[in-house]
Every structure is written in structure tokens, then in C-alpha cells.
Amino acid sequence: MNPKLVSQAAAIVPETGTLVNMVRQRVRQLASGHRPLILALPGTGLADIALREIAEGKLVSEEVPAALTENSKLTVLPAPSATKKAA
């Protein structure tokens, strides 16, 4: 992991536990075939991609009530602006 990306992402998500869980969950999503929300060079690590997405504001976290999910109370979603198509 790139320390510069960690500090940039930490500026966006200051709570360490939330940041770690966002990166963990996003890495799982990327590993299972989800496409990156940023332009990433081949060979870039999944954690670095996740950190860049967070630092660039492409991801947000949202608490989900425990009744709706079995494994986690944190869901990582694309930021609303990241899902809009350019006009």
C-alpha cells in the first residue's frame, strides 16, 4: 500500500476503523470482478485502487441496519457523482 494514498484517503475518512473496512470491502468487490471507478494502470494493487477511489471521492460508506445484512453494518457504495454520466 502506498502511504501517500493512505494519508489522502484518511483526510476524507478520518475514522481509521471505517477507512479500513471501506478498503477491505472494496478490495473484495474488485477481486470478485467489479470494475474500478478510476482509471488504474495495469499492475496497480487492489488496495491502492480502493484508496484512490476513496481519496478522489468516488466511494462513500453507509451504515445499513443489522436487520438488512448478515455480515456487515458497513456498505461501500459509489458516490452519487461517480454514477452520473458526463453530459
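Residues numbered from 1 in each chain as written. Predicted model: local features only at pLDDT ≥ 70, side-chain atom pairs only at ≥ 80, totals over all residues. Heavy atoms only, no water.

Trainee: How should I be thinking about the nonpolar core in this particular structure?
Mentor: General note: in soluble globular proteins, nonpolar side chains tend to be found buried as a group. Counting 10 residues, the largest nonpolar core is built from Leu5, Ala9, Val13, Leu19, Met22, Val23, Ala50, Leu51, Ile54 and Leu59. Sorting the residues of this core by element identifies helix 1 (3-12), helix 2 (16-31) and helix 3 (46-55) as the ones contributing at least two each. Look past the residues within four positions of Val13 in its chain and what remains in contact with it is Thr18, Leu19, Met22 and Ile54. (Core = buried A, V, L, I, M, F, W, Y, C linked by side-chain atoms within 4.5 Å. Buried < 20%, exposed > 50% of the residue type's maximum accessible area, 1.4 Å probe, protein only. Helix = DSSP H or I, 4+ residues; strand = E, 2+ residues; numbered from the N terminus. Contact = heavy atoms within 4.5 Å.)

Trainee: How should helix 3 be read in this particular structure?
Mentor: Structural remark: α-helix, 3.6 residues per turn; residues separated by three or four positions point the same way. Considered for burial, the residues of helix 3 that qualify are Asp48, Ile49, Ala50, Leu51, Glu53 and Ile54. Elements that come into contact with the buried residues of helix 3 comprise helix 1, helix 2 and strand 1 (59-63).

Trainee: I tried to follow the environment of Ala50 on my own but got confused; where do I start?
Mentor: Relative to the assigned elements, Ala50 resides in helix 3. Residue classification places Ala50 among the buried positions, given a relative accessible area of 0%. Note: C-alpha distance between Ala50 and Ala9 (41 residues apart in sequence) is 9.2 Å. Apart from residues lying up to four places away in sequence, Ala50 is in contact with Val23, Arg26, Val27, Leu30 and Leu59.

Trainee: What's the story with helix 2 in this structure? I'm lost.
Mentor: Compared with an ideal rise of 1.5 Å per residue, which puts 16 residues at 22 Å, helix 2 spans 22 Å between its outermost C-alpha atoms and is within 8% of the ideal. When helix 2 is considered as a whole, its buried residues turn out to be Thr18, Leu19, Met22, Val23, Gln25, Arg26, Gln29 and Leu30. Just downstream of helix 2 lies Gly33, where phi reads positive at about 115°. (Expected span 1.5 Å × (residues − 1).)

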